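Chain and residue survey
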Amino acid sequence: MSDPDALIRSSDPEHPANHICTLCAKFYSLGWVTGTGGGTSIRHGDKIYIAPSGVQKELMRPTDMFVMDFESREYLRRPAAHKPSACTPLFYAAFKRGAGCCIHTHSQWAVLVTLLVERDFGSSAPFEIEQIEQIKGIPKGRDKVGNLGYFDRLRIPIIENTAHEEDLTDSLEKAMEEYPDAYAVLVRRHGIYVWGDNVHKAKTQCESIDYILQLAVEMKKLGLPWTTK
Ligand SMILES: [Zn+2]
């Protein structure tokens with residue numbers, strides 16, 4: 001590519017360079033990516049668009065975007081003013097599994113749920129919940145048709161946090177193998193990674209899961225169980 005900026009130049013709001021900016025501004029207002037934390041990445045054919053590290057997510061512009069070749073993992077566009085996101089290898093792990101979009105948030109509900117699971121079920125337990133209507137927003141699993149039903153159980157694995165974000169990659173990939181139907185992985189005391197087949201699905205799933213995590217924290221406060229047994 002002779003002109004790397006051609007990769008981000010588009011008037012289409014759905015173009016990943018524009019879409020990531022709009023999504024991050026929305027996620028900022030939800031408290032998911034404040035203080036430059038969290039991030040979003042979209043796969044667009046053989047290219048991956050990634051929000052940079054350390055940039056205020058609500059003020060991001062298409063010119064801030066990194067673009068990586070999916071096969072070679074080489075940067076096709078690398079803004080000199082920014083550092084690539086430390087989440088890049090984690091997003092890549094989701095894209096290798098067929099995801100079209102991956103969202104990482106530092107949602108306080110996600111952080112609180114990881115602490116509640118550890119306290120009540122142990123450090124190796126996943127988060128589990130059932131009989132909540134919003135579970136229907138989450139797909140049944142990889143290679144399965146449709147979404148979870150009201151009586152199905154939603155399971156989200158939890159991995160331990162590390163000093164550096166990129167060091168989470170191995171445990172994230174291990175959790176993806178152990179829970180092949182999961183579309184999300186919680187990170188203790190840190191947040192959550194949620195991915196989907198496309199941007200629309202990833203956003204829907206991330207919103208549905210965050211709603212469920214907030215509800216789960218409130219249920220705990222009221223002494224209500226997450227599962228029937
Ligand atoms: Zn993070």
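Before reading further, recall that the structure is shown in the block above.
Structure report, in brief. Treat the numbers as computed from the prediction; the structure is a model and nothing was measured. Residue numbering note: each chain is counted from 1, following its sequence as written. For this predicted model, a pLDDT threshold of at least 70 governs which residues receive local features, and a threshold of 80 or more governs which side-chain atom pairs are given and counted, while totals over whole chains, interfaces and linings are taken from all residues. With hydrogens and water excluded, all non-hydrogen atoms of the structure serve as input to the side-chain values.

A pair of strands is treated as paired once DSSP finds two or more bridges between them. Under the DSSP-based scheme used, a helix requires at least four consecutive residues in state H or I and a strand at least two consecutive residues in state E, with every element numbered from the N terminus. With respect to topology, eight strands assemble into an open sheet ordered E4-E3-E2-E1-E5-E10-E9-E8, the strand pairing being mixed. On the outer flanks of this sheet lie strand E4 (75–77) and strand E8 (158–159), each paired with one strand and no other. In terms of strand pairing, strand E1 (residues 39–44) meets strand E5 (residues 101–105) through four bridges, oriented antiparallel. Looking at the pairing, Gly39 lines up with His104 of E5. The strands that helix H2 (residues 88–96) touches are E1, strand E2 (47–50), strand E3 (66–69), E4, E5 and strand E10 (191–196); relative to E1, the one it contacts most, it runs at about 40°. Residue contacts are counted whenever heavy atoms from the two residues lie within 4.5 Å of one another. Lines fitted to C-alpha atoms define the axes here, with helix axes fitted over just the stretch in contact, and angles between the N-to-C directions of these axes take values from 0 to 180 degrees.

Let us now look at the environment of Thr169. Relative to the elements of secondary structure, Thr169 occurs in helix H4 (residues 169–178). A sequence separation of 43 residues divides Thr169 from Ile212, and the C-alpha atoms of the two residues are 25 Å apart. Ignoring sequence-local partners within four residues, the contact set of Thr169 consists of Pro89 and Leu90.

With that out of the way, let us pick up unusual backbone geometry. Of note, Arg73 is a non-glycine position whose phi angle comes to about 60°, a positive value. Relative to the helices and strands, Arg73 resides in the loop between E3 and E4. The class of Arg73 is partly exposed, set by a relative accessible area of 40%. Relative accessibility under 20% of the residue-type maximum defines a buried residue, over 50% an exposed one, and the middle range a partly exposed one, all with a 1.4 Å probe and only protein chains included.

With that out of the way, let us pick up the coordination of the zinc ion. Metal sites are built from N, O and S donor atoms within 2.8 Å, or 3.2 Å for Na, K and Ca, and they leave out water, so they may look incomplete. For the zinc ion, the protein coordination sphere consists of His104 (NE2), His106 (NE2), Glu165 (OE), Glu165 (OE) and His190 (NE2), at 2.1 to 2.6 Å. Mapped onto the sequence, the donors of the zinc ion take the spacing H-x1-H-x58-E-x24-H. Of the two residues, His106 sits in the loop between E5 and helix H3 (108–121) while Glu165 sits in the loop between E8 and H4, which places them 59 residues apart along the sequence.

It is worth spelling out the packing of aromatic side chains at this point. The way to describe two aromatic rings as a pair is by their centre distance and the angle between their planes. Any two of the Phe, Tyr and Trp rings considered here, Trp counted by its six-membered ring, make a pair once their centres fall within 6.5 Å; the pair's planes then place it as stacked at under 30 degrees, edge-to-face at over 60, or tilted in between. If you walk through the whole model with that rule in mind, you get seven aromatic pairs. Centroid distance Phe27 to Trp32: 5.1 Å. Interplanar angle 35°. Geometry classified as tilted. Trp32 carries the same exposure label as Phe27, and that label is buried. Here Tyr150 and Phe151 contribute two aromatic rings whose centre-to-centre distance is 4.8 Å and whose plane-to-plane angle is 80°, an arrangement assigned as edge-to-face. Linked through ring pairs, Phe121, Phe127 and Trp226 together constitute an aromatic cluster. Above the plane of the ring of Phe70 lies Arg43, whose end atom (NZ or CZ) is 3.7 Å from the centre. Throughout this description, the term charge over a ring refers to an Arg CZ or Lys NZ atom that lies within 6 Å of the ring centre and within 35 degrees of the ring normal. Directly above the ring of Trp226 sits Lys220, whose terminal nitrogen or CZ lies 4.7 Å from the centroid.

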